[in-house]
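Read off the chains here:
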Amino acid sequence: MSSTQVEQLQGVVIRFAGDSGDGMQLTGDRFTAETASLGNDLSTLPNFPAEIRAPQGTLPGVSSFQLHFAQDRVLTPGDRPDVLVAMNPAALKANLGDLPRGATIVVDTDAFGKRNLAKVGYASNPLEDDTLESWHVHGLPLTSITVEALGDFDLTRKEKERAKNMFALGLLSWLYTRPLQGTRAFLKAKFAKNPEILEANLTALMAGYHYGETTEDFAHRYEVAPATMPPGRYRNITGNTATAYGLAAAAQRSGLPLVLGTYPITPASDILHALSGLKRYGVTTVQAEDEIAGVGIALGASFGGALGVTSTSGPGLALKAETIGLAVATELPLVVIDVQRGGPSTGLPTKTEQADLLQALYGRNGESPVAVIAPATPSGCFDAALEAVRIATQYRTPVILLSDGYLANGSEPWQIPEVAELPDLRVEFATEPNATDAKGRPAFHPYVRDPETLARPWAVPGTKGLEHRIGGIEKADGTGEISYDPDNHDLMVRLRAAKIARIADTIPDLAVDDPDGDAEVLILGWGSTYGPIASAVRDVRLAGMKVAQAHLTHLNPMPSNTGDVLRRYRRVIVPEMNMGQLALLLRGTYLVDVQSHTQVRGLPFTSSDLADVIAAAVVGDAPKTVDPDDTGALDDGADDLPADDAPVAAPNESGANA
Amino acid sequence: MTTIDLGFPGSGGTHGVPRLAPDALPQTKKDFTSDQEVRWCPGCGDYAILAAVQSFLPSLGLARENIVFVSGIGCASRFPYYLDTFGMHSIHGRAPSIATGLAVAREDLSVWVVTGDGDALSIGGNHLIHALRRNVNMTILLFNNRIYGLTKGQYSPTSAEGLVTKSSPLGSVDRPFNPISLALGAGGTFVARTMDSDRAHLTATLKAAAEHRGTSFVEIYQNCPIFNDGAFELIKDHEQAQARLMHLVHDQPVRVGDHHVVIRDHHDGFEVVGQRSADASRIVVHDAHAEDPSQAFALSQLDGPEMTHVPMGVFRAVSRPTYDDQVRGQVAGAVAARGGRADDSDLGSLLAGKDTWTVS
């Protein structure tokens, strides 16, 4: 046994990186589960290429999984890893730029042969020259030790090599004193039908663990004490799973069947996968022929009195636009999940972005208002799904839920809610005629509205006496007959808008976190930027500065007090992973000169970058300000990009004037 | 009205849809006629189809509120407004997908789609073929007038090559679809053709289509008197029809007019010969129930731009499990396997998953 010292750490950021076929996502998932079971708070960020198997050993093929765990509140997956596990030269090269000096690097030396080095343009072996002199490098022949450990197994060399990710997991589990029971149970379930592969994986896992214990390569191992979190029962959950579970819970709480009509698209497909396994919860999934059919099926189901849901990502939302417009006109409930990714067009399918906000609000012909909500965290997707169903069914309207790639695949601990405390979503269908016809007989008028919500009745086929026709042609107020009357159209456009505006009566005020109540700078975000913003705010406050934070989860309508909150602060900063879409809305709606801070790199903000932006605003000498005379310039532009690896300078109007 | 029986056993197309009580007053055409003023052009073939549908629906014996008509965009798609059932006039080409969602969600509805050649075969082609492939329990009525009417006269995907229209002043160079061949190729389980002006045949075809469980596809030749008048004149004219109209009746020889039959020629093709001179062993007997759709497809291909021979009737009617029944079956199976729909305690277990920890 080694006489390794155990050192206590506040928190650690680990990044596992390898070829997309190396099993890095699985390794990360398992390490996360081990960490969760120890009671650390955590946050994860998978990052993988769109290609399922990009050419082996190349930079485009690098897949990584980052995990941040700590003994206090974790708000982001971490800006920069303390530890990088690199399975080959490509993984090293692709990630080295993110590594702070002094960080630890664990590499598989077996993968550093001439060919692999050449593939990524290393002229000499970085393990042998001075490339890595600023980091702690642990080079070990991961592949050959794994193969050796599996010497007795009746497996090909290739199969044995494949278990090297388990060896790495075992080693890291030893290094950070993580328990292995969970992973062992997981492997037993996963490979129940293949005992030889199961034993090989278990052996590799334990071999890695014992390697740490018996070699003297590692002078320290580390412990991270459990975090202080509110008492309760927890699990770890990703945004996509939380979305799917939220929808299933909504079906249960409403007592309605749920029909998901959808077409597979990254990064939304996991919602389909999860829901297709929840048939017992009254969930039907239809994998449609295309995006348009997906939403058509959902709308048809809604017409029939089910919860119609469709899930997609940005390009799919574009295709669904016309049908969402039909749902606006027919005033039927419809939930549209958009897991945003980098755009335009195919863009960056596996990367995150928030650039569908304006598409969600305005991406349809005509005046076509819909409700838009956006969860702030992976577990928040659960509540957002329930809220989407509440608004859709209560107001008979499409609701677009804007998740994104970061929330969808990222995970965090979630305090498991009590089912009985979830919102009551029961709905009432129309059952009786609500009018009389010209001859004084009972009749049903589909566009007679509830005076409070302005919603029209949900009158489902099969209800005697309520036969009626709806459709995309403008309808007469009340009777629902086709109407081309100019005044009626003006009225209907305004009624549809007023109905959406009234949703604000049922949503909470925008809460502001301003501990002393005297901050002059407000940082306002929406959606998945919550974690990096909150983390940056915490750092700035620790440095003694005052800053207020608020976060929008309802984007249309916004909370009633939004304008008041914005006007209360001398300066309002709005960070977004787009070119300033919320900023445009806030300026247009509230006439407040918000300062937009943007990044569109397919990656979440780092909290340190945001902390710099906030700090600069607080001390009053922001590095760049929006020219007050140039109201069209919303974006600070290229100056916002990190100096070291800015991809392409963003087109920047204000930069020239600043 | 004369009725003809096409000879198909009812196969449960409306199974599960509530029927009128036996002692209820019988429904009439009036019960299915809405109070909306019909706004098609005078002389439009759609009037005849509407009258036939309104007259036919009572005979299904279904509760009116359990019948739903879904349409897309085009002249034909105004249809639902004129029927006093539930209805949705949706968007261009998408009616089959909306009807699919409705049929999946509601076993107790009789779902109908009304569409046209542009709606179904151009902008909505994808949804049409996938509805047919899946065999969702619904009846699709495709009004084929071989022209775009609502947009005032451009050529459609069924317009003949060379047709001069507003958008093809030198003649269309688009090759038309044969809707029957397309439906058969997509795996349609019920594929039929009928005509607006033949009320008896139209009604019989509607009846057979409604009784079929699965996607019933009915192409209805419909005259547009404004933009493509006389498109079907060759088969509407009694004398011409004698030489051109081919009658498909299950288990009967395929006849042309009253005096000719179709035989297999020596190259395994078709030949039309006088009934009296026909070699009885080579007469083609129509088998709409054949699992192999080859003969039905070959017959559908006889219909060319010259309308030399135009087959009418049910090309194919075979039984295959429907998509919506199977989807509901999977849900019901999953519910039954665990002794009922999930309750709050099941939901609690789902949310918790297998890997939890407690902070006290």
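Cut-off values and rules
- Residues numbered from 1 in each chain as written.
- Chains lettered and ligands numbered in written order.
- Predicted model: local features only at pLDDT ≥ 70, side-chain atom pairs only at ≥ 80, totals over all residues.
- Heavy atoms only, no water.
- Helix = DSSP H or I, 4+ residues; strand = E, 2+ residues; numbered from the N terminus.
- Rg over C-alpha atoms; globule rule 2.2 N^0.38 Å.
- Buried < 20%, exposed > 50% of the residue type's maximum accessible area, 1.4 Å probe, protein only.
- Contact = heavy atoms within 4.5 Å.
- Areas by Shrake-Rupley, 256 points an atom, 1.4 Å probe, with all protein chains shown as cover.
- Lys, Arg positive; Asp, Glu negative; His and termini not counted.
- Charge placed at Lys NZ, Arg CZ, Asp CG, Glu CD.
- Domains from an automatic or database assignment.
- Buried area = accessible area lost by both parts, 1.4 Å probe.
- Salt bridge = Lys/Arg side-chain N within 4 Å of Asp/Glu carboxyl O.
- Polar contact = N/O pair within 3.5 Å; in protein donor to acceptor, adjacent residues only side chain to side chain.
- Pairing = 2+ DSSP bridges.
- Axes fitted to C-alpha atoms, helices over the stretch in contact; angles between N-to-C directions.
- Nonpolar A, V, L, I, M, F, W, Y, C, P; charged D, E, K, R; others polar.
- Phe/Tyr/Trp six-rings, centres within 6.5 Å; stacked < 30°, edge-to-face > 60°.
- Lys NZ or Arg CZ within 6 Å of the ring centre and 35° of its normal.

(A) Focus on the overall build of chain A. Secondary structure summary: chain A contains 21 helices and 25 strands in total. Taken against the 2.2 N^0.38 rule, which gives 26 Å for 658 residues, the C-alpha radius of gyration of chain A at 27 Å falls within 12% of a compact globule. For chain A, with 658 residues in total, the buried portion stands at 62%. Contacts spanning at least 24 positions in sequence make up 75% of the contacts within chain A whose residues lie at least 6 apart. Only carbon and sulfur atoms are counted for the fraction: they give 50% of the accessible area of chain A, which is about 24900 Å². Across chain A, the 54 positively charged side chains and the 81 negatively charged ones have centroids separated by 6 Å.

(B) Local environment of the domain arrangement of chain A. Residues and elements named next belong to chain A. As far as domains go, chain A holds domain 1 (5-224), domain 2 (236-421) and domain 3 (512-657). Across the contact, 7 residues belong to domain 1 and 12 residues belong to domain 3. Of the roughly 740 Å² buried where domain 1 meets domain 3, counting both sides, 55% is carbon and sulfur surface. The largest contributions to the domain 1 side of the interface with domain 3 come from Leu75, Thr76 and Asp79, which together make up 64% of the buried area. Along the contact surface separating domain 1 from domain 3 lie 0 salt bridges. Along the contact surface separating domain 1 from domain 3 lie 3 residue pairs in polar contact (both at pLDDT 80 or more).

(C) Broad picture of the sheet that holds strand β16 (residues 411-415) of chain A. Ordered in space as β16(A)-β9(A)-β12(B), the 3 strands form an open sheet in which the pairing is antiparallel. With partners counted over all chains shown, the strands left at the sheet margins are β16 of chain A together with β12 (356-359) of chain B, one partner each. Within the sheet, the average angular offset between the axes of one strand and its neighbour, ignoring direction, is 35°. Where strand β9 (residues 232-238) of chain A lies against β16(A), 5 bridges are found, and the strand directions are antiparallel. Bridge pairing in β16(A) places Asn236(A) opposite Pro413(A). In the packing of helix α11 (residues 344-352) of chain B onto the sheet, contacts are made with β9 and β16 of chain A together with β12 of chain B, and the angle to β9(A) comes to roughly 65°.

(D) Structural detail: the domain arrangement of chain B. All names here are of chain B. For chain B, the assigned domains are domain 1 (29-251 + 290-334) and domain 2 (256-285). Domain 1 puts 13 residues into the contact, and the matching count from domain 2 is 10 residues. Summed over both partners, the interface of domain 1 with domain 2 buries about 860 Å², with 62% contributed by carbon and sulfur atoms. Among the residues of domain 1 in contact with domain 2, Gln242, Met246 and Gln295 are the three that bury the most area, contributing 49% of the side total. Counting every contact that joins domain 1 to domain 2 gives 0 salt bridges. For the side of domain 1 that touches domain 2, the secondary-structure elements that each account for two or more residues are α8 (238-244), β7 (245-248) and α9 (294-300). For the side of domain 1 that touches domain 2, the element with the most residues is α8, which contributes 4 residues. Grouping the constituent residues of the side of domain 1 that touches domain 2 by class yields 7 nonpolar, 4 polar and 2 charged.

(E) Looking closely at the pairing of strand β1 (residues 67-71) of chain B. Residues and elements named next belong to chain B. The buried fraction of β1 amounts to 5 of the 5 residues, a majority that puts the element mostly inside the structure. Here β1 shows no split at all, with Ile67, Phe69 and Ser71 on one side and Val68 and Val70 on the other all buried. One ladder, built from 4 bridges, connects β1 with strand β2 (residues 86-89); its direction is parallel. Paired with Val70 across the strands is Met88, a residue of β2.

(F) Region of interest: the pairing of strand β10 (residues 270-274) of chain B. As paired elements, strand β9 (residues 260-264) of chain B and β10(B) share 5 bridges and run antiparallel to each other. Bridge pairing links Val261(B) to Val273(B) in β10(B).

(G) Inspection of the pattern of salt bridges at higher detail. Tallied over the entire structure, the rule returns 34 salt bridges over all chains. Note that Arg390(A) is salt-bridged to Glu387(A), the shortest N-O span being 2.8 Å. Of this pair, Arg390(A) and Glu387(A) both sit in helix α14 (residues 380-395), separated by 3 residues, roughly a single helical turn. For Asp564(A), the salt bridge goes to Arg567(A), with nearest N and O atoms at 3.9 Å. Of this pair, Asp564(A) and Arg567(A) both sit in helix α18 (residues 562-567), separated by 3 residues, roughly a single helical turn. A residue is classified by how much of its surface remains accessible, and Arg567(A), at 52% relative accessible area, is exposed. Connected through salt bridges with shared partners, the residues Glu467(A), Arg469(A), Arg64(B) and Asp84(B) form a single ionic network.

(H) View of the packing of aromatic side chains. For the structure shown, the criterion picks out 17 aromatic pairs over all chains. Ring centres of Phe382(A) and Trp414(A) lie 4.9 Å apart, and the angle between their planes is 55°; on these two criteria the pair is classed as tilted. Here Phe382(A), found in helix α14, pairs with Trp414(A), found in strand β16; they are 32 residues apart in sequence, far enough to count as distant. An identical accessibility class is assigned to Phe382(A) and Trp414(A); each is buried. Note that Lys93(A) overlies the ring of Tyr122(A), its terminal NZ or CZ placed 5.0 Å from the centroid. Here the basic side chain of Arg134(B) rests over the ring of Tyr323(B), its NZ or CZ set 5.6 Å away from the ring centre.

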